[in-house]
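Remarks on the overall topology
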Amino acid sequence: MRIALVAGLVLSLGLFGQGLLSPTFSWVVIWMITWSIGSHLYMPLESSIGVSLSKPAEVGKRLGQLGAVKTAASVLGFLLVWVGFRYLHMTYKLIFTLAGLSVLAACVCLLMMQPRKSTVKRQRFLFKRKYLLFYWLNVLFGARKQVFLTFGPWVLIKIFHQPATTFALLGIVGTIAGIAFRALLGKAIDKFGERTVITWESGMLVIVCLCYGFARDIGAGSLAIWLVFGSYIADQLLFACNMARATYLNKIVDSPDDMTPTLSMGVTIDHLVSMTVPFFGGLVWAKFGFQYVFLLAAAIALLNLLAALRINVHKVAAATVQSSTGA
């Protein structure tokens, strides 16, 4: 929680700088990097804090609730920007200032929380053979995520010639739908388990990728764009399934003190993979066409499905108990 507080302060500094202290483009880049550092530092801590605030049998439910609240806040943010720029003549300076103040308010909340005390020396990053499947799931998530983050919008812009307002509407629809979806997803994780949820996520993602890449080629006519819109929103919703990876890790860790450093390692692996995808995906697009970028994404989703089928929480837990008892 203390590290999350520091991350929030760095994030707010970047936002305030972006809005108030950006006389040149160079300063825009500096402040963008600053708030990006704060944001990425907070990413693994968010799930860790959520787990620490949960009852043992309700981790998925709690993460789902937190995700729903976060999604609801995103809707308010979308509406503030849309109404502010359309009717209230807001400036970017004011928007970034309000964003910085929101992060400071979150820092106050973190300051009021009581960190879980630990006598174990913490590691910055943790790599254990036992967690290899978790790391592999992060590799696949990083690759799949970056395909849509990089090339998803570009398909709508380049292939279907959609304006910026389309992205705003798709973002609002996806975010509103995500409020209920995240809460239900959290309960589904607790009830059916991570293996089932990630398996279904992977199967749905195969369909989404194929629809996104080949909607124009299957004879759907004017319905093709709506199929792409639906796929875009579905992908937004499926991003929430990443919480199942966090709850899976929570069930197999040797100690609660392994949670945050292992999540940090997962985010690091995710980002290392994410940095390579735009380059190679761009080469595939240029050489073969955008359809094959999403065909590769579908293949990644199939690999994710195979990895999900290897999840066996009960087997890992039994092995941990055996090890601790010396059996």
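This one's a predicted model, so the numbers in the text were calculated from it and none came from an experiment. (Residues numbered from 1 in each chain as written. Predicted model: local features only at pLDDT ≥ 70, side-chain atom pairs only at ≥ 80, totals over all residues. Heavy atoms only, no water.)

1. A few points about the overall build of the protein chain
Basically, it comes down to this: We count a stretch as a helix when DSSP gives it H or I for four or more residues in a row; a strand needs E for two or more, and each element gets its number in order from the N terminus. Our radius of gyration looks at C-alpha atoms and nothing else; its globule reference is 2.2 Å times the residue count to the power 0.38. Any residue under 20% of the maximum accessible area for its type is buried, any over 50% is exposed, and the rest in between are partly exposed; the area is computed with a 1.4 Å probe on protein chains only.
The number of helices and strands found in the protein chain is 12 helices and 0 strands. Secondary structure elements in the protein chain, listed N-terminal to C-terminal, are α-α-α-α-α-α-α-α-α-α-α-α. The C-alpha radius of gyration computed for the protein chain amounts to 21 Å, which stays within 12% of the reference 20 Å derived for 327 residues, consistent with globular compactness. Along the first, second and third principal axes, the C-alpha set of the protein chain runs to 65 × 50 × 35 Å. Within the span of the protein chain, comprising 327 residues, buried residues form 43% of the whole.

2. Here's the deal with the environment of Met43
Note on placement: Met43 falls in helix α2 (residues 25-52). By relative accessible area, which is 34% here, Met43 ends up partly exposed.

3. Topic: helix α5 (residues 132-159)
Threshold: Multiply 1.5 Å by the residue count of a helix minus one, and that product is the helix's expected span. What we call the bend at a residue is the angle made by axes fitted to the seven residues finishing there and the seven residues starting there.
Under the 1.5 Å per step criterion, the end-to-end length of α5 is 39 Å for 28 residues, consistent within 8% with the ideal 40 Å. The largest bend in α5 amounts to roughly 35° and is located at Phe151, with the proline Pro153 lying one to four residues further along.

4. Some details on a nonpolar patch on the surface
Threshold: Residues form patches when they are more than 30% accessible in relative terms and have no salt bridge. Like charges link within 9 Å. Nonpolar side chains (Val, Leu, Ile, Met, Phe, Trp, Tyr) link within 5 Å. In these tables, accessible area is a Shrake-Rupley quantity obtained with a 1.4 Å probe, and a residue counts as shielded only by the protein chains included in the view. What counts as a salt bridge is simple: a side-chain nitrogen of Lys or Arg found within 4 Å of a carboxyl oxygen of Asp or Glu.
Where nonpolar side chains cluster on the molecular surface, the patch consists of Phe25, Val29, Ile33 and Ile37 and spans about 410 Å² of accessible area. Looking at the element boundaries, Val29 is found in helix α2.

5. What to know about the packing of aromatic side chains
So the rule is basically this: In this analysis, rings of Phe, Tyr and Trp, with Trp reduced to its six-membered ring, are considered paired at centre separations within 6.5 Å, and the interplanar angle assigns stacked below 30 degrees, edge-to-face beyond 60, and tilted for intermediate values.
Under the counting rule described, the total for this entry stands at 11 aromatic pairs. An aromatic cluster is built from Phe148, Tyr212 and Phe294, whose rings are joined through pairwise contacts.

6. As for unusual backbone geometry
Peptide bonds are mostly trans, and most non-glycine residues show a negative phi. One non-glycine residue, His89, lies in positive phi territory at about 55°. Relative to the assigned elements, His89 resides in the loop between α3 (59-87) and α4 (92-112). Residue His161 is not a glycine yet carries a positive backbone phi of 55°. Residue placement: His161 occurs in the loop between α5 and α6 (164-192).

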